[in-house]
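Examination of the molecular architecture
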Number of protein chains: 2
Amino acid sequence: MQRIRGRMQLYIPPAATQDTGVETWNAIRSRRDVRDFSERPIDDDHLVRILDAGRRAPSARNWQPWDFVVVTDRAVLVELAKVFGGASHVGRSAATIALIAPILQEGLELEYFDLGQATVSMMIAAADLGIGSGHAAVADQELARKILGHPDDRFCAHLVPLGYPATRPLFPMRRPRRRPFAEVVHRGRW
Amino acid sequence: MQRIRGRMQLYIPPAATQDTGVETWNAIRSRRDVRDFSERPIDDDHLVRILDAGRRAPSARNWQPWDFVVVTDRAVLVELAKVFGGASHVGRSAATIALIAPILQEGLELEYFDLGQATVSMMIAAADLGIGSGHAAVADQELARKILGHPDDRFCAHLVPLGYPATRPLFPMRRPRRRPFAEVVHRGRW
């Protein structure tokens with residue numbers, strides 16, 4: 001079994017620790033939908049970590065129904081933003097990860113479930129580094145294929161634009177805009 | 001905006017920090033499929049945190065298509081394990097979270113995508129606390145409904161059994177059983 005050397009780590013809020021990462025519960029609570037990105041680029045080391053978090057995600061029988069095309073070129077990002085009406089933030093992102101998946105006749109629910117698992121793994125890994133993310137759908141599959149170059153038996157399931165927030169840095173949210181805990185959670189039985 | 005007071009935190013490997021949590025990247029790398037659970041119960045505070053991580057997960061237009069029924073009673077867990085041939089580990093779990101979702105005529109892919117997002121959020125929050133998790137499908141919906149009591153317009157999409165690993169504690173995996181990074185990730189274009 002692998003060993004990690006003990007070391008001292010100073011805990012300071014996420015906004016100031018974008019390079020070292022934060023405690024998991026803070027990263028989970030800091031992740032929010034970000035669509036306005038600053039000009040700051042993402043270090044390649046960080047991009048690699050975010051992508052690796054997706055690669056490590058669980059999937060049914062470990063089938064890993066995903067490939068990730070990562071785009072950082074501004075001109076390409078601006079083109080990619082045209083695949084969906086609500087994807088303009090792709091053009092402003094520092095990097096966008098396109099999730100490419102097999103075109104299936106059946107088992108699409110399972111595939112989407114696993115793509116969701118990979119997506120949130122990447123989003124939490126990004127939040128850990130102070131990097132925001134915002135999901136974008138893909139309507140124009142033909143344009144997506146022209147830009148991304150994936151083979152005919154795959155499609156672009158969705159995009160994950162990434163970047164540092166233009167305004168409010170990521171910070172653990174005390175009251176996320178969600179249904180109340182007591183409504184969502186049922187103890188023992190509905 | 002909420003402030004968190006700076007504090008010193010000693011970094012030690014996850015196996016020894018089950019109560020305080022670990023750095024995000026370690027939690028993400030520690031999560032693995034766990035099906036053999038120890039007898040150790042899960043503190044309610046920790047269960048609440050894991051459930052809250054699911055509640056906080058992103059979803060399409062924030063529709064949050066989920067309810068969580070959490071089961072900790074041994075006799076009920078043993079019954080619940082019968083909903084699927086591969087769900088015997090539910091009976092051995094310290095707690096199992098049943099994900100209940102609306103029965104839809106269309107948009108099932110989107111629903112499953114978001115359930116995947118909630119599931120991994122919970123699994124990473126669990127791994128942060130040294131708690132293992134293992135996905136289980138549901139075949140017998142009638143039995144699941146009888147045990148869990150959800151209304152007729154919902155179904156049990158799947159189960160997330162939780163517990164401390166019986167043998168190897170969670171630990172960041174250096175080489176997860178996954179396709180190689182260079183195969184999964186494409187730079188700029190496929």
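See the structure printed just above.
Please read all numbers here as calculations on a predicted model, not as lab measurements. (Residues numbered from 1 in each chain as written. Chains lettered and ligands numbered in written order. Predicted model: local features only at pLDDT ≥ 70, side-chain atom pairs only at ≥ 80, totals over all residues.)

Once that is clear, we can look at the overall build of chain A. Scanning chain A from terminus to terminus reveals 7 helices and 6 strands. Counted from the first residue to the last, chain A has its helices and strands arranged as β-α-α-β-α-α-β-α-β-α-β-α-β. Looking at chain A as a whole, 50% of its 190 residues are labelled buried. A separation of at least 24 residues holds for 79% of the contacts in chain A among residues at least 6 apart in sequence. (Helix = DSSP H or I, 4+ residues; strand = E, 2+ residues; numbered from the N terminus. Buried ≥ 20, exposed ≤ 12 C-beta atoms within 10 Å, placed from the backbone. Contact = placed C-beta atoms within 7 Å.)

Further remarks concern the pairing of strand β3 (residues 95-102) of chain B. Residue and element names in this part refer to chain B. Burial analysis of β3 places 7 of its 8 residues in the buried class, which makes it a mostly covered element. The pairing of strand β2 (residues 67-71) with β3 spans 5 bridges and is antiparallel. In the sheet register, valine 70 faces β3, and the bridge partner there is isoleucine 97. Pairing of β3 with strand β5 (residues 154-163), which is carried by 8 bridges, proceeds in the antiparallel orientation. Within β5, the residue paired with threonine 96 across the bridge is proline 161. (Pairing = 2+ DSSP bridges.)

Moving on, we come to the relation of the copies chain B and chain A. For these two chains of identical sequence, chain B goes onto chain A by a turn of 180° and a shift of 0.0 Å along the axis, with RMSD 0.0 Å. In short, the pair behaves as if placed about a two-fold rotation axis. In this assembly the copies share their binding face: 99% of the residues contributing to the interface of chain B also contribute to that of chain A. (Least-squares fit on C-alpha atoms with pLDDT ≥ 70 in both.)

Residues and elements named next belong to chain B. The end-to-end C-alpha distance of helix α2 (residues 44-55) is 16 Å, a good match for the 16 Å that 12 residues give at a rise of 1.5 Å each. Counting buried positions along α2 gives 9 out of 12 residues, so the element sits mostly inside the fold. Listing the buried residues of α2 in full gives His46, Leu47, Arg49, Ile50, Leu51, Asp52, Ala53, Gly54 and Arg55. (Expected span 1.5 Å × (residues − 1).)

Bringing the nonpolar core into the picture now. In terms of nonpolar packing, the biggest core is built from 110 residues, with Ile97 and Leu99 of chain A together with Ile97 and Leu99 of chain B touching the most fellow members. When residues no more than four places from it in sequence are discounted, the contact partners of isoleucine 97 of chain B are Leu51, Phe68, Val70, Met122, Val160 and Leu162 of chain B. (Core = buried A, V, L, I, M, F, W, Y, C linked by C-beta atoms within 7 Å.)

This part takes up the packing of α2 of chain B against helix α5 (residues 108-128) of chain B. Residue and element names in this part refer to chain B. The geometry of α2 relative to α5 is characterised by a closest axis approach of 7 Å and an angle of 150° between their N-to-C directions. By the angle between their directions, the pair α2 and α5 is classed as roughly antiparallel. At the point where α2 passes α5, the crossing takes the right-handed sense. Every residue of α5 that contacts α2 at Arg49, Ile50, Ala53 and Gly54 is listed here: Ala118, Ser121, Met122, Ala125 and Ala126. (Axes fitted to C-alpha atoms, helices over the stretch in contact; angles between N-to-C directions. Parallel < 35°, antiparallel > 145°, perpendicular 65-115°, else oblique. Left-handed = near helix turned anticlockwise from the far one by under 90°.)

Between chain B and chain A, the contact holds 71 residues from the first and 70 residues from the second. Mapped onto the side of chain B that touches chain A, the elements with two or more residues apiece are β1 (7-11), α1 (24-30), α2, β2, α5, α7 (181-184) and β6 (185-187) of chain B. Tallied by class, residues from the side of chain B that touches chain A come to 35 nonpolar, 16 polar and 20 charged. Where strand β2 (residues 67-71) of chain A meets β6 of chain B, 3 bridges bridge the pair, whose relative direction is parallel. Looking at β6 of chain B, one finds that phenylalanine 68 of chain A is bridged to valine 185 of chain B. (Nonpolar A, V, L, I, M, F, W, Y, C, P; charged D, E, K, R; others polar.)

The sheet built from 5 strands is open, its strands ordered β4(A)-β5(A)-β3(A)-β2(A)-β6(B) with mixed pairing. Strands at the two margins of the open sheet, each flanked by one partner only, are β4 (132-133) of chain A together with β6 of chain B. Against the sheet, helix α2 (residues 44-55) of chain A engages β2, β3 (95-102) and β5 (154-163) of chain A together with β6 of chain B, with an angle of about 160° to β2 of chain A.

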